[in-house]
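# Report on the structure
If you want the building blocks of each chain, they are given just below.
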Amino acid sequence: MKDTKMYESLLGLESPWRVRDVDLRLDAGEVIVYVEADRQRWGCGECGIRMHVHDYAIRRWRHLDTCQFKTIIEARVPRVLCSEHGTTTVQVPWAESRSRFTAMFERLAIDMMRDCSIAAASRYLRLTWDETDHIKAKAVERGLRRKGVVDTSAICIDEKSVGRGHDYVTVVTKLTEKGPIVDYIGDGRDEAVLNGFWQAHDEAALERITCASMDMWKPYI
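Presented here is an overview of the structure given in this document. Given the structure is predicted, the values throughout are model-derived calculations rather than measurements. (Residues numbered from 1 in each chain as written. Predicted model: local features only at pLDDT ≥ 70, side-chain atom pairs only at ≥ 80, totals over all residues. Heavy atoms only, no water.)

The next point concerns the side chain of His-63. You can see His-63 is positioned in strand E5 (residues 53-66). Taking the relative accessible area as the measure of exposure, His-63 reaches 6% and is therefore buried. At a separation of 2.8 Å, a polar atom in the side chain of His-63 contacts the side chain of Thr-102. The residues touching His-63, leaving out its near neighbours within four places in the chain, are Leu-11, Thr-71, Ile-73, Thr-102, Met-104 and Phe-105. (Helix = DSSP H or I, 4+ residues; strand = E, 2+ residues; numbered from the N terminus. Buried < 20%, exposed > 50% of the residue type's maximum accessible area, 1.4 Å probe, protein only. Polar contact = N/O pair within 3.5 Å; in protein donor to acceptor, adjacent residues only side chain to side chain. Contact = heavy atoms within 4.5 Å.)

What follows covers the packing of aromatic side chains. Applying the stated criterion across every chain, the model contains six aromatic pairs. For the pair Phe-101 and Phe-105, a centre-to-centre distance of 5.4 Å together with 15° between the ring planes defines the contact as stacked. With respect to burial, Phe-101 and Phe-105 carry one shared label: buried. Ring pairs connect the aromatic residues Trp-17, Trp-42, Trp-61 and Trp-94, which therefore count as one cluster. We note Arg-189 situated over the ring of Trp-217; from NZ or CZ to the ring centre the distance is 4.1 Å. (Phe/Tyr/Trp six-rings, centres within 6.5 Å; stacked < 30°, edge-to-face > 60°. Lys NZ or Arg CZ within 6 Å of the ring centre and 35° of its normal.)

Turning our attention to the nonpolar core. Counting 25 residues, the largest nonpolar core has Trp-17, Val-33, Val-35, Trp-61 and Trp-94 as its most contacted members. At six residues, strand E6 (residues 69-82) tops the list of elements feeding residues into this core. Not counting residues up to four positions away in its chain, the partners in contact with Val-33 are Tyr-7, Leu-11, Val-19, Asp-21, Val-22, Thr-71, Ile-72, Ile-73 and Glu-74. (Core = buried A, V, L, I, M, F, W, Y, C linked by side-chain atoms within 4.5 Å.)

Moving on, we come to the packing of helix H2 (residues 103-113) against helix H4 (residues 129-147). Where H2 meets H4, the closest approach of the two axes is 10 Å, and the angle between their N-to-C directions is 95°. By the angle between their directions, the pair H2 and H4 is classed as roughly perpendicular. Within the contact between the two elements, H2 uses Phe-105, Glu-106, Ala-109, Ile-110 and Met-113 and H4 uses Thr-132, Ile-135, Lys-136, Lys-138, Ala-139 and Arg-142. (Axes fitted to C-alpha atoms, helices over the stretch in contact; angles between N-to-C directions. Parallel < 35°, antiparallel > 145°, perpendicular 65-115°, else oblique.)

Here we come to the pairing of strand E9 (residues 168-176). Regular strands place side chains that alternate from one sheet face to the opposite one. Burial runs high along E9: seven of the nine residues are buried. Here seven bridges tie strand E8 (residues 154-161) to E9, and the two strands are oriented antiparallel to one another. Bridging across to E9, Cys-156 finds its partner in Thr-173. From the end of E8 to the start of E9, which pair antiparallel, there are six residues, and Gly-163 there has a positive phi angle of about 65°. Two strands pair when backbone bridges link them, and E9 and strand E10 (residues 179-187) are joined in this way by eight bridges, in the antiparallel orientation. When the sheet's bridge partners are listed, Val-172 is paired in E10 with Tyr-184. Connecting E9 to the antiparallel partner E10 that follows it, the hairpin turn spans two residues. (Pairing = 2+ DSSP bridges.)

We now examine the pattern of salt bridges. When their charged atoms lie close together, side chains carrying opposite charge are able to pair. Under the criterion given, the structure shown has 19 salt bridges. Linking Asp-55 and Arg-79 is a salt bridge whose minimum nitrogen-to-oxygen distance equals 2.9 Å. Remark: Arg-79 occurs in strand E6 and Asp-55 occurs in strand E5; sequence separation between them is 24 residues. The class of Asp-55 is partly exposed, set by a relative accessible area of 23%. The partly exposed category is assigned to Arg-79, whose relative accessible area is 26%. A salt bridge links Arg-142 to Glu-106; its shortest N-O distance comes to 3.7 Å. (Salt bridge = Lys/Arg side-chain N within 4 Å of Asp/Glu carboxyl O.)

Leftover empty space is mapped by rolling, across the atoms, a probe with the size of a water molecule. The computed volume of the largest pocket comes to approximately 510 Å³. Looking at the largest pocket, it is lined by 13 residues, and the ones nearest its centre are Lys-136, Ala-139, Val-140, Leu-144 and Ile-185. Broken down by secondary-structure element, the contributors of at least two residues to the lining of the largest pocket are H2, H4 and E10. Among the elements that take part in the lining of the largest pocket, H4 stands out by supplying six residues, more than any other. Split into classes, the residues belonging to the lining of the largest pocket amount to eight nonpolar, one polar and four charged. (1 Å grid on protein atoms, 1.4 Å probe; cavity = no way out; pocket = protein on both sides within 12 Å on 5 of 7 lines; lining within 4 Å. Points joined across faces, edges and corners; volume = space filled by probe spheres on them. Nonpolar A, V, L, I, M, F, W, Y, C, P; charged D, E, K, R; others polar.)

The values are spatial; any link to function lies outside them.
Structural data, given as structure tokens:
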């Protein structure tokens, strides 16, 4: 199997996407996988309406390592000119919009951060702390979107010390039949921070809350 076909299989690429070439750079410790697409009508990255290609943008993504070598996906990605959203880059199948990492790489990073600190994951993945933390933040956002609104009649409110010194977060946990669910984390422990939890719910959801077990911290009271 040629390198191009091997990486097409590993990436799960299907028409119109294909691997054009693979470049092993021993001195740099990298493998560059060049991906391109056939000419066709593409959908706007925002609304999905299909239209002709306006131009192309060269983009790169960090992928899972090949043996000990960093693997980079470099693609000539079509861009379309949408009457409503302007010039947008089409969505590629191997990564989320505006991400600099493939979905497979982000999944590895998330699994690693479940078992160790961000600092440790950064060392193993050869990323900066900020890059690793950004992957985590995106995963949390996706999880919150999937979770949706959790109805409950009982909540727990508490503070938790994080980092060093007097640095706290406010944690609100909802009690459900399936067990406790952390529903809100706010930076700090004053009244305004806790108000962020109430403001995220409509009046009907708040009226269903009849019990609160909480730290007897004055701002919470």
